[in-house]
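Descriptive structure summary
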Amino acid sequence: GRGLGSWRNDSRIHVSEASALRTALVSAPDAMQFRQAKLRAAYRRLWNACDHLRGYTDCWAHAQVASGVIDAVVEPDLHPWDIRATQVLIEEAGGKQITRPSVSPGTVDCIFGSATLVDQLARLMGF
């Protein structure tokens, strides 16, 4: 819940403090999801900007960002139930999250993780 922090068992977790997009570990789904969300050019920019772009997605990747293992995630076209808990966990772990409406009705595109990286990724992705 808001104001309670993010915890794993008895240990408080925190997002990464990474600030350099080139060397950060950034996770994103495959190119097909970006094409479906009409974000083909944004995916190419992401691919060119990140040396460590990985395909970890969904709740596993979300938990890894909250605990600082992955520095940031970019995911298009998520349903509200895919992101609601993550939004709270990321903020309570000291990170930032941004969502915007996606092309599919009722879905959102999102970026979350280290606050500095989220801002850089938002500019790169045209958020």
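Residues numbered from 1 in each chain as written. Predicted model: local features only at pLDDT ≥ 70, side-chain atom pairs only at ≥ 80, totals over all residues. Heavy atoms only, no water.

1. Some words on a positive patch on the surface
For clarity, the threshold we go by: Each patch is built from residues lacking any salt bridge and having more than 30% relative accessible area; the joining distance is 9 Å for like charges and 5 Å for nonpolar side chains (Val, Leu, Ile, Met, Phe, Trp, Tyr). Residue exposure ignores everything except the shown protein chains as possible cover, and the areas themselves are Shrake-Rupley values with a 1.4 Å probe. Counted as salt bridges are all cases of a side-chain nitrogen of Lys or Arg within 4 Å of a carboxyl oxygen of Asp or Glu. By the counting rule applied here, Lys and Arg register as positive and Asp and Glu as negative, while His and the ends of each chain are not counted. Where a charge lies is defined by one atom per residue type, namely NZ (Lys), CZ (Arg), CG (Asp) and CD (Glu). Comment: elements are numbered from the N terminus, with helices defined as DSSP H or I runs of at least four residues and strands as E runs of at least two. We call a residue buried when its accessible area falls under 20% of the maximum for its residue type, exposed when it is over 50%, and partly exposed in between, using a 1.4 Å probe and counting protein chains only.
Judged by side-chain charge, Arg35, Arg40, Arg44 and Arg45 come together as a positively charged surface patch. Counting residues per element, the positive patch draws most heavily on helix H2 (residues 40-49), which supplies 3 residues. As for its placement among the helices and strands, Arg45 is situated in helix H2. Accessibility expressed as a relative area gives 36% for Arg45, which makes it partly exposed.

2. Here's the deal with the nonpolar core
As a reminder of what qualifies: Take the buried residues of types Ala, Val, Leu, Ile, Met, Phe, Trp, Tyr and Cys, join any two whose side-chain atoms come within 4.5 Å, and each joined set is a nonpolar core. Any pair of residues with heavy atoms lying within 4.5 Å of one another is described as a contacting pair.
Leu21, Val26, Phe34, Leu46, Val74 and Leu121 are the most contacted members of the largest nonpolar core, which totals 23 residues. For this core, the element with the highest residue contribution is helix H5 (residues 115-125), accounting for 6 residues. Setting aside anything within four residues of it in sequence, one finds Phe34 in contact with Ala28, Pro29, Leu39, Arg40, Tyr43, Leu46, Val74, Pro76 and Met125. Counting residues in hydrophobic clusters, the runner-up holds 14 residues, among them Ile83, Ala93, Val108 and Cys110.

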